[in-house]
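The residues making up each chain are set out below.
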Amino acid sequence: MTTYDSSPRLHANNFSTPPFWICVLLGIVMILAGFLVLGDVMLVTVISTMFIGIISIAAGGFEIIHAFWT
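These numbers come from a predicted model, not from an experiment.

Visitor: Would you mind going over the overall build of the chain with me for this structure?
Guide: Helix and strand counts for the chain come out as two helices and zero strands. The buried share among the 70 residues of the chain stands at 1%. Looking at the chain as shown, the accessible area adds up to about 6,800 Å², and 76% of this sits on carbon and sulfur atoms.

Right, dumping it as C-alpha cells:
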C-alpha cells in the first residue's frame with residue numbers, strides 16, 4: 001500500500017509552489033513564444049542555435065575547470 005504525505009518536510013530546500021499569478025504569467029509568456037515561433041521560424045531557429053552553442057561552450061568550459069579541480 002502506498003501512502004502520500006503532504007507535510008512541508010518533503011519539500012527540498014523549503015521550496016514551495018509558486019503563486020498562482022506566476023503560473024498564469026508563465027502560461028501567457030509561453031503562448032506568446034509559440035506565436036513567435038509560428039510567425040518567424042527562421043529567427044527562432046537562429047536564436048535557438050545560438051543559445052545551444054553558447055550553452056555548449058559554457059558547459060565545455062566548466063568541464064575543463066572540473067577536470068583540473070578534481
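So much for the structure itself; the text now carries on.
Visitor: Sorry, what's going on with the packing of helix α1 (residues 20-39) against helix α2 (residues 41-69) here?
Guide: Think of two packed helices as two axes; the pair is described by the angle between the axes and how far apart they sit. Interaxial distance between α1 and α2 falls to 5 Å at its minimum, and their mutual angle equals 110°. Here α1 is positioned roughly perpendicular relative to α2, judged by the angle of their axes. For the pair α1 and α2, contact is made by Leu36, Val37, Leu38 and Gly39 and by Val41, Leu43 and Val44, respectively. Class assignment of the residues belonging to the contact of α1 with α2 gives a composition of six nonpolar, one polar and no charged.

Thresholds applied
Residues numbered from 1 in each chain as written. Predicted model: local features only at pLDDT ≥ 70, side-chain atom pairs only at ≥ 80, totals over all residues. Heavy atoms only, no water. Helix = DSSP H or I, 4+ residues; strand = E, 2+ residues; numbered from the N terminus. Buried < 20%, exposed > 50% of the residue type's maximum accessible area, 1.4 Å probe, protein only. Areas by Shrake-Rupley, 256 points an atom, 1.4 Å probe, with all protein chains shown as cover. Axes fitted to C-alpha atoms, helices over the stretch in contact; angles between N-to-C directions. Parallel < 35°, antiparallel > 145°, perpendicular 65-115°, else oblique. Contact = heavy atoms within 4.5 Å. Nonpolar A, V, L, I, M, F, W, Y, C, P; charged D, E, K, R; others polar.

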